[in-house]
Amino acid sequence: PSGRKFLEKIERWQAEEILKDLTEFLEKNGIEILPLDEIFKEDIAEEKIYTERKPTEREMEDIELGFEIGFFLTKYRIGQSLSIKRGMVIAVEGMEGTDRMIERSGKYCKGFVLVKVAGRNKDTRFDLPTIGPETVRNMWKAGGNVIAVEAKKSIIFEKNLTIFLCNKFGISLVGKGVFKNDSERKS
């Protein structure tokens, strides 16, 4: 009954809005929700190139453009990921999630760059961008070259295995610092 009441009160069926309302509901009932960046402190991406293969100059340009476009899109709550090659957006993550977007990207071209951004005013209690071994395997199968995540705002699960697989498959893994602080992110 409480779940039904909760769902009936929700005005906008957007993931972040539902999670925010759910968090408020749980906290009113004495359950504290901890921030993901606190729980996964050791797994938060740093600003650096993790892999033996460094991105090419062209791929670095795509990373920069991908972050610029990604931050614009997050304003509208459109996914956290996009793929880009030579300045052209290949795919944008929708409800299907990152793995299906990677698969879709590989159908259009090989050698693309995957960019993952946290978005504006991200509530770190839920839904930070994540990658891990499965992301790397999917990139390899699809023919992607680079994974770029927002440093300090993304989680790299099973970091050692993820880096190992990137090196094995020749995929660059980049933690990209984008903003010095969240006030810059808002503009």
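No experiment lies behind these values; they were computed from the predicted model shown.

Student: Break down the overall build of the protein for me, citing the residues and quoting the values.
Tutor: When helices and strands are tallied, the protein shows 8 helices and 8 strands. Relative to the compact-globule value of 16 Å for 187 residues, the protein shows a C-alpha radius of gyration of 17 Å, a close match. By the burial criterion, 45% of the 187 residues in the protein qualify as buried. At a minimum sequence separation of 6, the contacts of the protein that also span at least 24 residues come to 73%. Accessible surface, the protein: about 10,600 Å² in total, of which carbon and sulfur atoms supply 52%. Distance from the positive charge centre (33 side chains) to the negative charge centre (32 side chains) of the protein: 3 Å.

Student: An account of the side chain of Thr74 is requested, with residue identities and associated values reported.
Tutor: By the secondary structure assignment, Thr74 is in helix α4 (residues 57-74). Exposure remark for Thr74: the relative accessible area of 4% places this residue in the buried category. Among the polar contacts listed, one links the side chain of Thr74 to the backbone oxygen of Phe71, at a separation of 2.9 Å.

Student: Run through the nonpolar core, naming residues and quoting values.
Tutor: Counting 22 residues, the largest nonpolar core has Ile102, Val136, Met139, Ile147, Ile171 and Leu173 as its most contacted members. Those elements that place two or more of their residues in this core are β3 (88-92), α5 (98-108), α6 (133-142), β6 (146-150) and α7 (159-169). When residues in this core are grouped by element, the largest group, 4 residues, is from α7. Apart from the residues lying within four places of it in its own chain, the contact partners of Val136 are Ile147, Thr162, Leu165, Cys166, Phe169 and Ile171. Ranked by size, the runner-up nonpolar core spans 12 residues in total, among them Phe67, Leu73, Leu82 and Val146.

Student: Explain α7 to me, and be specific about the residues and the numbers.
Tutor: Residues of α7 that are buried include every one of Lys159, Thr162, Ile163, Leu165, Cys166 and Phe169, and no others. Down the axis of α7, the buried side of the element spans an arc of 160 degrees, and every buried residue falls inside it. When the buried face of α7 is taken as reference, the exposed residues oriented beyond 90 degrees from it are Asn160, Phe164 and Lys168. The inward-facing, buried residues of α7 contact β5 (130-131), α6, β6, β7 (155-156) and β8 (172-176). Trailing α7 by a residue or two, Gly170 shows a phi angle of about 70 degrees, which is positive.

Cut-off values and rules
- Residues numbered from 1 in each chain as written.
- Predicted model: local features only at pLDDT ≥ 70, side-chain atom pairs only at ≥ 80, totals over all residues.
- Heavy atoms only, no water.
- Helix = DSSP H or I, 4+ residues; strand = E, 2+ residues; numbered from the N terminus.
- Rg over C-alpha atoms; globule rule 2.2 N^0.38 Å.
- Buried < 20%, exposed > 50% of the residue type's maximum accessible area, 1.4 Å probe, protein only.
- Contact = heavy atoms within 4.5 Å.
- Areas by Shrake-Rupley, 256 points an atom, 1.4 Å probe, with all protein chains shown as cover.
- Lys, Arg positive; Asp, Glu negative; His and termini not counted.
- Charge placed at Lys NZ, Arg CZ, Asp CG, Glu CD.
- Polar contact = N/O pair within 3.5 Å; in protein donor to acceptor, adjacent residues only side chain to side chain.
- Core = buried A, V, L, I, M, F, W, Y, C linked by side-chain atoms within 4.5 Å.
- Arc of directions from axis to C-beta.

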